[in-house]
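# Architecture at a glance
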Amino acid sequence: MSAITIYHNPECGTSRNTLALIRNAGIEPNVIHYLETPPSRSELLALIAAMGMPVRELLRKNVPPYETLGLAEVRSDDELIEAMLAHPILINRPIVVSPLGTRLCRPSEVVLDILPTPQQGAFTKEDGERVVDESGRRIK
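In what follows, the accompanying structure is described. This one's a predicted model, so the numbers in the text were calculated from it and none came from an experiment. (Residues numbered from 1 in each chain as written. Predicted model: local features only at pLDDT ≥ 70, side-chain atom pairs only at ≥ 80, totals over all residues. Heavy atoms only, no water.)

Turning next to the packing of helix α2 (residues 41-51) against helix α4 (residues 77-86). To characterise two packed helices, one gives the angle between the axes of the helices and the distance between these axes. Contact geometry of α2 with α4 gives a least axis separation of 11 Å together with a crossing angle of 120°. Comparing the axis directions of α2 and α4 gives the class oblique. Of the two elements, α2 crosses α4, and the hand of that crossing is right-handed. Residues R41, L44, L45 and I48 of α2 pack against D78, I81, E82, M84 and L85 of α4. The residue inventory of the contact of α2 with α4, partitioned by class, reads six nonpolar, no polar and three charged. (Axes fitted to C-alpha atoms, helices over the stretch in contact; angles between N-to-C directions. Helix = DSSP H or I, 4+ residues; strand = E, 2+ residues; numbered from the N terminus. Parallel < 35°, antiparallel > 145°, perpendicular 65-115°, else oblique. Left-handed = near helix turned anticlockwise from the far one by under 90°. Contact = heavy atoms within 4.5 Å. Nonpolar A, V, L, I, M, F, W, Y, C, P; charged D, E, K, R; others polar.)

Bridge analysis of strand β3 (residues 95-98) against strand β4 (residues 101-104) gives four bridges, and the strand direction is antiparallel. Of the residues in β4, the one forming a bridge with V96 is R103. Where β3 folds back on β4, the antiparallel hairpin that results is connected by two residues. (Pairing = 2+ DSSP bridges.)

Moving on to the environment of L44. Here L44 shows up in helix α2. In the structure, L44 is positioned 57 residues away from G101 in sequence and 15 Å away in space, judged by C-alpha atoms. Residues within four places of L44 in sequence aside, it is in contact with P39, L58, I81, M84, L85 and I91.

Another point: the environment of R75. Tracing the chain through its elements places R75 in the loop between α3 (64-68) and α4. Separated by 19 residues in sequence, R75 and R56 place their C-alpha atoms 9.0 Å apart.

To continue, consider unusual backbone geometry. With glycine set apart, most residues show a phi of negative sign, and most peptide bonds adopt trans. The peptide bond linking R93 to P94 adopts the cis configuration, its omega dihedral lying at 0°. Following the sequence through the fold, P94 ends up in the loop between α4 and β3. The peptide bond linking R106 to P107 adopts the cis configuration, its omega dihedral lying at 0°.

If you want it as structure tokens, here you go:
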């Protein structure tokens, strides 16, 4: 079995759906509750590099620290990283690391692109959207 890690927030529906899709592939991932155990600076930088995304794209904008810290005006990646390290709630999630890549899984079905094993059955998101059919094939 391949090693999969999810940076997870159990309060987030997208994160819960992503975790359920990983488990629907028969994989029990390493679950990191990133609000309780935030990544170190080097880990966060490695995740951003692996995802190939600008730092600002990983930043959550709909949480109070974003406005309070004036992050809309901040231009420096280093300042944004420091804000995410000081306030992990600013880190968008879920982030999944697999042997096939690292992705911010928004929407949750993005995880299907980096799972090394197929889905083992049907999957429906918490909101009722069908993502995987009874044969384990992605819908859409």
